[in-house]
Amino acid sequence: MAKKLTVAVLGPGGTGGLLAALLSRAGHRVICLAGTDTARALRTTGIRVRSAQFGDFTAPVEADTRLREPVDACLVTVKHTALDAALTRVPATVLGDALLVPFLNGVEHPALLRAHHRPELVAPAVIRVESTRLAPGVIEHGTPFTEIDLSGDQVPRPRLDALAETLTAAGPNARVTADESATLWAKMSFLAPFALLTTRYAVPIGEARTRHRAELTALVAETAAVSRACGGPADPVQALARYDSFPPLTKSSMQRDAEAGRPMELDAIGGALLRAADRYDIAVPVTAGLVRELGEQEAARGH
């Protein structure tokens, strides 16, 4: 019988709430870490999930405003814009030997987390899913898939394998990948053009890929060049084909944040891409222009 784990989930929103509920339903002890009101709601009602893939169910979880005991793993599922504040909820002295598993956009957060926790215990992950928090403890999972790539160049492979097996048994399809940088850049090279273009023009992907086709093509080419230099995948033709296959009304999470007046992950995505391009002396004029314009838009909103 597989070992039952104690797992902390830092930020039980759309992604974190779904994973917390699935792990709890599979029999693991789950401690959600959030603000006072959210923690109270989760302790009272648990997490309710509506999902075509996993069914509709309610799972009980523990909840607190900070981690007070060692755990086997801590899943970090906050937005990059909230990461610094969220880390105060998981003191390094309490984490102990826990794997710290960030599910964040971008490529620079592992270095920040390795300054907070032991480097050999930081295991960056990428998740492919669309899951939304409708209210504290209420999760709507929209995609017919939930796929996780788990990495960590310095993490002992048996620990990665064990966590991947635990996640897969709970529902998501999780696998261990051999190259952390390639794993992170695989998502970055897909996410950056999609997020930057849809947010800049406030249109879903269907309109972005038609009215702004030339810019999208240039963005994909620039991002692929940077990804290649960083050891990631670089297939512009495949990237464009993926965008063309998306339902036309699909929006990026950055665009949804902008529409809701929330801080955007502009620096974590666009800023990180520009910094990587600068390191390798790669010209990315279209990307730089969009990042500048989005920065001006965000400044005008007061963020």
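Up top is the structure.
Residues numbered from 1 in each chain as written. Predicted model: local features only at pLDDT ≥ 70, side-chain atom pairs only at ≥ 80, totals over all residues. Heavy atoms only, no water.

Chemist: What is the right way to read the overall build of the chain from this model?
Modeler: Summing up its helical and strand segments, the chain has 13 helices and 12 strands in all. Taken over C-alpha atoms, the radius of gyration comes to 19 Å for the chain, in line with the 19 Å a tight globule of 303 residues would show. Seen through its C-alpha atoms, the chain measures out along the principal axes to roughly 50 × 35 × 35 Å. Counting only residues that meet the buried cut, the chain has 52% of its 303 residues in that class. Nonlocal contacts in the chain, meaning residues at least 24 apart in sequence, comprise 70% of its contacts between residues at least 6 apart. When the accessible surface of the chain is summed, it comes to about 13000 Å², and 53% of that surface belongs to carbon and sulfur atoms. For the chain, the distance from the average site of its 33 positive side-chain charges to the average site of its 33 negative ones is 5 Å. (Helix = DSSP H or I, 4+ residues; strand = E, 2+ residues; numbered from the N terminus. Rg over C-alpha atoms; globule rule 2.2 N^0.38 Å. Buried < 20%, exposed > 50% of the residue type's maximum accessible area, 1.4 Å probe, protein only. Contact = heavy atoms within 4.5 Å. Areas by Shrake-Rupley, 256 points an atom, 1.4 Å probe, with all protein chains shown as cover. Lys, Arg positive; Asp, Glu negative; His and termini not counted. Charge placed at Lys NZ, Arg CZ, Asp CG, Glu CD.)

Chemist: Mind showing me how you'd approach the sheet that holds strand β11 (residues 147-150) here?
Modeler: Whenever strands of a sheet pair, they do so through backbone hydrogen bonds, lying parallel or antiparallel. Strand order in the open sheet formed by 3 strands is β8-β11-β12, with mixed pairing between adjacent strands. Edge strands, defined here as strands with exactly one partner in the open sheet, are β8 (125-128) and β12 (173-176). Taking the axes of each pair of neighbouring strands and ignoring which way they run, one obtains an average angle of 15 degrees across the sheet. In the sheet, β8 pairs with β11 via 4 bridges, with the strands oriented antiparallel. Counted as the bridge partner of V126 is D149 from β11. (Pairing = 2+ DSSP bridges. Axes fitted to C-alpha atoms, helices over the stretch in contact; angles between N-to-C directions.)

Chemist: Got a minute to help me understand the sheet that holds strand β9 (residues 131-135) in this structure?
Modeler: Across the sheet, 4 strands lie side by side as β4-β3-β10-β9; this open sheet has mixed pairing. Among the strands making up the open sheet, the edge pair consists of β4 (57-59) and β9. For this sheet the average axis-to-axis angle between neighbouring strands, irrespective of direction, equals 25 degrees. The pairing of strand β3 (residues 47-51) with β4 spans 3 bridges and is classified as antiparallel. Bridging across to β4, I47 finds its partner in A59. Seen against the sheet, helix α1 (residues 14-25) touches β3, β4, β9 and β10 (138-141) and runs at an angle of roughly 85 degrees to β4.

Chemist: Explanation requested: the pattern of salt bridges in the structure shown.
Modeler: For side chains bearing opposite charge, pairing can occur when the charged atoms are close. Evaluation of the coordinates by the stated rule reveals 21 salt bridges. Of the charged contacts in the structure, one is a salt bridge between D97 and R118, with a shortest N-O distance of 2.6 Å. Taken as a pair, D97 in the loop between α4 (92-95) and β7 (99-102) and R118 in the loop between α5 (109-116) and β8 lie far apart in primary sequence, 21 residues in all. The class for R118 is partly exposed, based on a relative accessible area of 36%. For E207, the salt bridge goes to R211, with nearest N and O atoms at 2.4 Å. Of the two residues, E207 and R211 are both situated in helix α8 (residues 205-211); the distance of 4 residues between them amounts to about one turn of the helix. By relative accessible area, E207 is classed as partly exposed at 27%. Each of R128, E147, D149 and R175 takes part in one network of salt bridges that share partners. (Salt bridge = Lys/Arg side-chain N within 4 Å of Asp/Glu carboxyl O.)

Chemist: How should I be thinking about the side chain of R114 in this particular structure?
Modeler: When you line up the elements, R114 lands in helix α5. We classify R114 as buried; its relative accessible area is 18%. Here the side chain of R114 touches P119 through a polar contact of 3.4 Å, landing on its backbone oxygen. Leaving out residues up to four positions away in the same chain, R114 has contacts with P119, V122, P124, G152, Q154 and E180. (Polar contact = N/O pair within 3.5 Å; in protein donor to acceptor, adjacent residues only side chain to side chain.)

Chemist: Looking at this structure, how should I read the nonpolar core?
Modeler: Most often, soluble globular proteins have nonpolar side chains that are buried together. Core analysis: the largest hydrophobic core is formed by 40 residues, its most contacted members being C32, I47, L75, V101, F103, I148 and L150. Ranked by residue count, the leading element in this core is α1, at 6 residues. Among residues more than four places away in sequence, those in contact with I148 are L19, F103, A125, V126, I127, L167, P172, N173, A174 and R175. Within the second largest apolar cluster, 37 residues are counted, among which are F190, F194, V203 and L294. (Core = buried A, V, L, I, M, F, W, Y, C linked by side-chain atoms within 4.5 Å.)

Chemist: Is there a simple way to explain the packing of helix α12 (residues 266-279) against helix α13 (residues 285-300) in this structure?
Modeler: When two helices pack together, you describe them by how their axes are tilted relative to each other and by the distance separating the axes. Across the interface, α12 lies against α13 with an axial gap of 10 Å and an inter-helix angle of 150 degrees. Considering their axes alone, α12 and α13 lie roughly antiparallel with respect to each other. You can see that α12 and α13 cross each other, and the crossing is left-handed. Side by side, α12 and α13 meet where L266, G270, L273 and L274 of the first sit next to T287, A288, V291, L294, G295 and E298 of the second. Classifying every residue of the contact of α12 with α13 gives 6 nonpolar, 3 polar and 1 charged. (Parallel < 35°, antiparallel > 145°, perpendicular 65-115°, else oblique. Left-handed = near helix turned anticlockwise from the far one by under 90°. Nonpolar A, V, L, I, M, F, W, Y, C, P; charged D, E, K, R; others polar.)

Chemist: Any chance you could explain helix α9 (residues 213-229) here in plain terms?
Modeler: For an α-helix the count is 3.6 residues per turn, leaving residues at separations of three or four pointing the same way. In this model α9 runs 25 Å from its N-terminal to its C-terminal C-alpha over 17 residues, within 8% of the 24 Å that 1.5 Å per residue would give. The set of residues buried in α9 consists of L216, L219, V220, E222, T223, A224, V226 and S227. Residues of α9 that are buried sit in contact with α7 (180-201), α8, α10 (236-245), α12 and α13. Just beyond α9, the residue with positive phi is G231, at close to 90 degrees. (Expected span 1.5 Å × (residues − 1).)

None of this, on its own, says anything about what the molecule does.
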